[in-house]
Amino acid sequence: MIPEWIQAGLWGLLSGGALLIGAAIGYFVEVPQRLIASIMAFGSGVLFSALSFELMDEAYKTGGFDATAVGFLGGAIVYTTVNYYLSKRGAQHRKRSGKQQFSEEDNKGSGLAIAVGALLDGIPESIVIGLSLLGGKGVSVVAVVAVFLSNIPEGLSSAAGMKNAGRSVGYVIGIWAGIALISGLAALLGYTLFQDYSNDVIAATTAVAAGAILAMLVDTMIPEAFDETHEFAGLITVVGFLLAFVLSKMQG
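Residues numbered from 1 in each chain as written. Predicted model: local features only at pLDDT ≥ 70, side-chain atom pairs only at ≥ 80, totals over all residues. Heavy atoms only, no water.

Within an unreviewed UniProt entry, the label attached to the chain reads ZIP family metal transporter, and the organism entered is Spirosoma soli.

Encoded structure:
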């Protein structure tokens, strides 16, 4: 039997590894921007559903409305503040697959800002996976599937944009490989650091991740999805939402 703390790290690594898969596809395969945007819309729908029926619902059941509300707003505020800072340094288009991203020549330091921004986007999702193992209930399959399915278009779109901005294959693959490893570590820490805390703290932390994920969706994923597939973005997002909803009910 694998210890739960190792399981947490492995589940986080699995879901984070989807970023690397997407990045490799985005860098080495000429994927049409319209298709990338469609996949991004689908991934957004999956995450919308997961944060609604998995994260927020679980946080409410664990710690009640007060801890959930404070954590949810806090997560959104922290994410938005850091994202605003990084955007001013060249990371505002880090999820865009076209030619919107800055090159290092256009904006010195934008490469580091993009890397930190990508890390900012991935950590909350991974922590939630670790938290889902608390209480001996086993990992939330819906959370893992949702993060995995959303990470593929994230890595794909961002890597395509990085390539268009003239960044090297070593830089792009190195960034996403590093973030995949950190995702595993974040899931491990989500399990080990919070197992002795009260239900209110666990609920608030889960809600913090949900707030950060929702802010990330609206700030970075939805613009890419809508820009290229605005006629069908809503429908594709609904399909992703429905898939995650069905998975959550099947697990429940």
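Focus on the overall build of the chain
Using the following cut-off: In this description a helix means any DSSP run of H or I spanning at least four residues, a strand means any run of E spanning at least two, and both kinds are numbered starting from the N terminus. The contact criterion used throughout is that any non-hydrogen atoms of two residues lie within 4.5 Å.
When you go through the chain residue by residue, the secondary structure sums to seven helices and zero strands. Of the regular secondary structure in the chain, the N- to C-terminal order runs α-α-α-α-α-α-α. Residue pairs in contact within the chain that sit at least 24 positions apart in sequence constitute 86% of those at least 6 positions apart.

A word on the side chain of Thr205
Relative to the elements of secondary structure, Thr205 occurs in helix α6 (residues 199-229). With near-sequence residues (within four places) excluded, Thr205 lies in contact with Ile127, Leu131 and Phe194.

Description of the packing of helix α1 (residues 4-28) against helix α5 (residues 169-192)
Here is the rule we go by: Note on geometry: axes are lines fitted to C-alpha atoms, helical ones only across the stretch in contact, with angles between N-to-C directions running from 0 to 180 degrees. Working definition: roughly parallel below 35 degrees, roughly antiparallel above 145 degrees, roughly perpendicular at 65 to 115 degrees, and oblique for all remaining angles. Crossings are sorted by hand: turned counterclockwise from the far helix by less than a right angle, the near helix makes the crossing left-handed, and turned clockwise it makes it right-handed. Each residue is assigned to one class: nonpolar for Ala, Val, Leu, Ile, Met, Phe, Trp, Tyr, Cys and Pro, charged for Asp, Glu, Lys and Arg, and polar for all the others, Gly among them.
Relative to each other, α1 and α5 sit at 160 degrees, their axes nearing to 7 Å. One element, α1, and the other, α5, form an angle in the roughly antiparallel class. Classified by chirality, the crossing of α5 by α1 is right-handed. When the residues that make up the contact of α1 with α5 are grouped by side-chain class, the tally is 20 nonpolar, seven polar and one charged.

Points about the packing of aromatic side chains
Put simply, the rule is: Side-chain rings of Phe, Tyr and Trp (the six-membered ring for Trp) are treated as a pair once their centres are within 6.5 Å; stacked means planes under 30 degrees apart, edge-to-face means over 60, and tilted covers the remaining angles. Each residue is placed in one exposure class: buried if its accessible area under a 1.4 Å probe, protein chains only, is under 20% of its type's maximum, exposed if it is over 50%, and partly exposed if it falls in between.
The tally for this structure, following the rule as stated, stands at four aromatic pairs. Taking 5.4 Å as the distance between ring centres and 70 degrees as the angle between the ring planes, the aromatic pair formed by Tyr27 and Phe28 counts as edge-to-face. Of the residues examined, Phe28 reaches a relative accessible area of 57% and is grouped as exposed. A centroid spacing of 5.7 Å and a plane angle of 45 degrees characterise the contact between Phe194 and Tyr197, whose relative ring orientation is tilted. Feature note: the residues Phe53, Phe241 and Phe245 constitute an aromatic cluster, connected by ring pairs.

Overview of a nonpolar patch on the surface
How we decide: Only residues above 30% relative accessible area that lack a salt bridge enter a patch, with like-charged residues linked at up to 9 Å and the nonpolar side chains Val, Leu, Ile, Met, Phe, Trp and Tyr linked at up to 5 Å. Per-residue and other accessible areas were derived by the Shrake-Rupley procedure at a 1.4 Å probe size, with only the shown protein chains allowed to occlude residues. Each salt bridge in this description consists of a side-chain nitrogen of Lys or Arg and a carboxyl oxygen of Asp or Glu lying within 4 Å of one another.
Together, Ile2, Trp5, Ile6, Leu10, Leu13 and Leu181 give the surface a local cluster of nonpolar side chains, amounting to about 550 Å² of exposed area. Among the elements that line the nonpolar patch, the one with the most residues is α1, at four residues. Looking at the element boundaries, Trp5 is found in helix α1. The class for Trp5 is partly exposed, based on a relative accessible area of 44%.

Re the packing of α1 against helix α4 (residues 141-164)
One way to put it is that α1 packs onto α4 with a least axis distance of 6 Å and a crossing angle of 30 degrees. Of the possible angle classes, the one that applies to α1 and α4 is roughly parallel. As α1 runs across α4, the sense of the crossing is right-handed. Together, Trp11, Leu14, Ser15, Gly16, Ala18, Leu19, Ile21, Gly22, Ala23, Ile25, Gly26 and Tyr27 of α1 and Val144, Val147, Phe148, Asn151, Ile152, Glu154, Gly155, Leu156, Ala159, Ala160 and Lys163 of α4 make up the contact between the two elements. Across the contact of α1 with α4, the residue classes break down as 15 nonpolar, six polar and two charged.

A short note on the UniProt feature "transmembrane region" (unreviewed entry) in the chain
Test applied: UniProt positions are given in the numbering used here, feature names are shortened, and annotations may be inferred rather than shown by experiment.
Summarizing the sequence annotation, UniProt attributes the feature "transmembrane region" (unreviewed entry) to residues 6-28, 35-53, 65-86, 127-149, 169-194, 201-218 and 230-247 in the numbering used throughout. Structurally, residues 127-149 is divided into 61% helix and 0% strand, and its ends, taken at the C-alpha atoms, are 17 Å apart. Measuring from the first to the last C-alpha atom of residues 169-194 gives 37 Å, for a span that is 92% helix and 0% strand.

Looking at the pattern of salt bridges
The final tally for this structure, using the stated rule, is two salt bridges. The shortest N-O distance in the salt bridge between Glu30 and Lys163 comes to 3.5 Å. Within this pair, whereas Glu30 is found in the loop between α1 and α2 (33-91), its partner Lys163 is found in helix α4, the two being separated by 133 residues in sequence. For Glu30, a relative accessible area of 67% corresponds to the exposed category. Under the relative-accessibility criterion, Lys163 is labelled partly exposed at 32%. The closest approach of N and O atoms between Asp57 and Lys61, which form a salt bridge, is 3.2 Å. With Asp57 and Lys61 both in helix α2 and four residues apart, this pair spans about one turn of that helix.

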